[in-house]
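# Coordinates in review
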Amino acid sequence: MYPKLKLPQYSQQGSALIIGIFVLTVMFLLAASLIRIVSDADESVNMEVWGTRALFSANSGADAALSQLFPLSGVNGSCSNVSSTWSPPTGGNGFHNCTVLVNCNATTVASITQYRINSLAVCETGNCAGNSDSSTCLRVSRQVEVEARGN
């Protein structure tokens with residue numbers, strides 16, 4: 001009924017090669033995008049961990065300043081009693097490579113003293129010496145402000 005068409009052998013050569021190159025290119029692009037997604041997720045987790053570490057360091061610095069401002073003896077202190085830096089206790093692995101700067105300001109209105117404590121924590125890892133643009137440097141800072149009232 002219908003004649004069978006036979007294409008010559010030489011006109012069919014190379015089509016599998018073109019399809020193979022196309023499949024390899026698409027797979028390479030998919031793999032490259034997956035690698036980028038995993039890398040971004042890893043960087044995001046690192047930033048979250050170091051940000052949390054800096055926040056807790058700033059909170060601890062503010063707590064230490066409050067304990068210096070209002071000691072257990074019940075006597076109201078002054079901002080001169082608050083140290084400008086807070087050092088974590090030895091063996092505090094959670095505060096590794098974190099520095100905390102504390103600032104205290106007092107304002108008195110109508111015989112009531114209002115204290116404002118600013119605690120700035122900076123945590124870093126990698127090669128952060130100086131102002132280097134090293135890609136291995138990760139530096140995160142968090143700031144906490146606390147207000148307290150004394151007589």
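Look up: the structure comes first, before these words.
This report concerns the structure included in the present document. (Residues numbered from 1 in each chain as written. Predicted model: local features only at pLDDT ≥ 70, side-chain atom pairs only at ≥ 80, totals over all residues. Heavy atoms only, no water.)

Moving on, we come to a nonpolar patch on the surface. The grouping of I19, F22, V23, V26, M27 and L30 at the surface amounts to a nonpolar patch, some 580 Å² of accessible area in total. On the secondary structure map, I19 appears in helix α1 (residues 15-69). Its relative accessible area of 55% is what places I19 among the exposed residues. (Patch = residues over 30% accessible without salt bridge, like charges linked within 9 Å, V, L, I, M, F, W, Y side chains within 5 Å. Areas by Shrake-Rupley, 256 points an atom, 1.4 Å probe, with all protein chains shown as cover. Salt bridge = Lys/Arg side-chain N within 4 Å of Asp/Glu carboxyl O. Helix = DSSP H or I, 4+ residues; strand = E, 2+ residues; numbered from the N terminus. Buried < 20%, exposed > 50% of the residue type's maximum accessible area, 1.4 Å probe, protein only.)

Attention shifts here to the packing of aromatic side chains. Under the defined criterion, the tally for this structure stands at one aromatic pair. Plain terms: the ring middles of F70 and Y115 are 5.7 Å apart, the flat faces sit at 85° to each other, and that makes the pair edge-to-face. Placement of the pair is F70 in the loop between α1 and β1 (85-86) and Y115 in strand β3 (residues 112-125), with a sequence separation of 45 residues. With relative accessibility at 6%, the residue Y115 sits in the buried group. (Phe/Tyr/Trp six-rings, centres within 6.5 Å; stacked < 30°, edge-to-face > 60°.)

Taking strand neighbours across the sheet as the criterion, the four strands line up as β1-β2-β3-β4 in an open arrangement whose pairing is antiparallel. Both edges of this open sheet fall to β1 and β4 (138-150), since each of them pairs with a single strand only. By the bridge criterion, two bridges tie β1 to strand β2 (residues 98-109) in an arrangement that is antiparallel. The residue of β2 that forms the bridge with W86 is V100. (Pairing = 2+ DSSP bridges.)

Keep in mind these numbers describe shape, not what the thing actually does.
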